[in-house]
Amino acid sequence: MSDKTSNQMWGGRFAAGPDAIMEAINASIGFDKRLAAQDIAGSRAHAAMLAATGIVDTSDAEAIREGLLTVLSEIEAGDFTFSTALEDIHMNVEARLKEIIGEPAGRLHTARSRNDQVATDFRLWVRDQCDAAEGGILALMKALLGQAEAGADWVMPGFTHLQTAQPVTWGHHMMAYVEMFARDLSRMRDARKRMNESPLGAAALAGTGFPIDRQMTAEALGFDRPMANSLDAVSDRDFALEFLAAASICAMHLSRFAEELVIWSSAQFRFVTLSDRFSTGSSIMPQKKNPDAAELIRAKIGRIFGANVALLMVMKGLPLAYSKDMQEDKEQVFDAADNLVLALAAMEGMVKDMTANVANLEAAAASGFSTATDLADWLVRETGLPFRDAHHVTGALVAMAEKKGCDLSDLSLEEMKSVNDTITEGIFDVLGVHNSVASRMSYGGTAPARVREQVARWKETLG
């Protein structure tokens, strides 16, 4: 077979044949260059340890450390040329280091492997993303607290099945998300704490015969301790999976709230007005104001979920220790982290800027016989009826009001007594939506007093 025929079989994309294909599939520099800062930090810590333990001459180690800073400055300035022929960020940095300082650069890789090097770099990067997510979640929680405090006594409908259920307060609804995101914050912090062990010094898979000090490098890089098993250190990516799992749950909460904002800002609901900064107009319908930021958050969440599943699939069949499959551990994590931080920032912006349409919220809260449960509870409390009987009486009163086309509070006392003669004038004290929410004083309830207590607690907690 001629070279021409062979090249046609591989296709124009790889005109040089199999060598070009292998270089393309093997190279990771196109994406792992994002690990440059972490890679250089790890290498500088490693070089310092090699000198401290007498494995490498102090002058060589110092040249390495200074040269690495030069490489980092070139990368940060955009003056660094990345080469796919050098495969990955580690080899690109080391090759440039040799150009800068010469022969001592070759001593940097003593007592380590690219296996423990990339595991360290990736842990450092994911740890940074936990911190970034924590910042985003905290900012969003504070924005929600601002809305909750402002609207602690604004009444709105509470829904089940997206049907009007019982009146709640705006503040109570906002605080529900504060609690959800607080658990997301806790999950991020837990994940960060668990991943904060150093793989550096595990070498390829079995450790090294050099007298290295793994505690020294761990401390230099902000890790709590070295990982206790060299096989585990280079072969697992559960730290990235745990980040993705926490990110996915947080993303789910973001998506639920985004969905509510889409619904609430619609012409049919008019519960909220989103600012122009987080909305767009229609190219053809001038009356439209589209909640695009909320819709994009709702969509981007799929990328985070997908990243979680993708990395699970990469890892699920790998024997110990390292396999090249694990090169596919980064792109989806990079993408998920970017989109989580972006979604958190967009949601914070929307929450801070949105305006609740208080009159519309209250009108909606009073519709749909939302105080029916209050009526049933009053019958139990004031007349001694068993709840099931009170439920039946309330149902009959709802049917009466529905037939008349009015709300429960619009029925006369005589009409109510025609259903159950134990009903007294006191029934009207619980039928208004403000009376309804004010009565829900149980811990965690929607009463404005309870909402303000929770707001104060969280403001003190968050500082």
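An account of the accompanying structure is given in this report. (Residues numbered from 1 in each chain as written. Predicted model: local features only at pLDDT ≥ 70, side-chain atom pairs only at ≥ 80, totals over all residues. Heavy atoms only, no water.)

**As for the packing of helix α7 (residues 114-150) against helix α20 (residues 448-462)**
Working step 1: α20 packs onto α7 with a crossing angle of 150° between their chain directions and a minimal axis gap of 10 Å. It follows from the interaxial angle that α7 and α20 lie roughly antiparallel. Crossing geometry of α7 relative to α20 is assigned as left-handed. Side by side, α7 and α20 meet where L138, M141, K142, L145, A148 and E149 of the first sit next to V451, V455, W458, K459 and L462 of the second.
Working step 2: The residue inventory of the contact of α7 with α20, partitioned by class, reads 8 nonpolar, no polar and 3 charged. (Axes fitted to C-alpha atoms, helices over the stretch in contact; angles between N-to-C directions. Helix = DSSP H or I, 4+ residues; strand = E, 2+ residues; numbered from the N terminus. Parallel < 35°, antiparallel > 145°, perpendicular 65-115°, else oblique. Left-handed = near helix turned anticlockwise from the far one by under 90°. Contact = heavy atoms within 4.5 Å. Nonpolar A, V, L, I, M, F, W, Y, C, P; charged D, E, K, R; others polar.)

**Section: the environment of R303**
Working step 1: Note on placement: R303 falls in helix α12 (residues 292-315).
Working step 2: Since its relative accessible area comes to 42%, R303 is described here as partly exposed.
Working step 3: On a C-alpha basis, the gap between R303 and L340 in space is 9.4 Å, while along the polypeptide they are 37 residues apart.
Working step 4: Setting aside residues up to four positions removed in sequence, R303 forms contacts with D335 and N339. (Buried < 20%, exposed > 50% of the residue type's maximum accessible area, 1.4 Å probe, protein only.)

**A short note on the pairing of strand β2 (residues 163-169)**
Working step 1: With 6 bridges joining them, strand β1 (residues 155-160) and β2 adopt antiparallel strand pairing. Each bridged residue has a counterpart across the sheet, and for G158 the counterpart in β2 is Q166.
Working step 2: Count of turn residues in the β1/β2 antiparallel hairpin: 2 residues, of which H161 carries a positive phi of about 60°. (Pairing = 2+ DSSP bridges.)

**Let's talk about the pattern of salt bridges**
Working step 1: A complete count under the given rule lists 25 salt bridges for this structure.
Working step 2: In this structure, the salt-bridge partner of R107 is D60, at a minimum N-O distance of 3.3 Å. Of this pair, R107 sits in the loop between α6 (89-101) and α7 while D60 sits in helix α5 (residues 58-77), and the two are 47 residues apart along the sequence.
Working step 3: With a relative accessible area of 31%, R107 lands in the partly exposed category.
Working step 4: With a relative accessible area of 15%, D60 lands in the buried category. (Salt bridge = Lys/Arg side-chain N within 4 Å of Asp/Glu carboxyl O.)

Coordinates in, geometry out; function isn't part of it.
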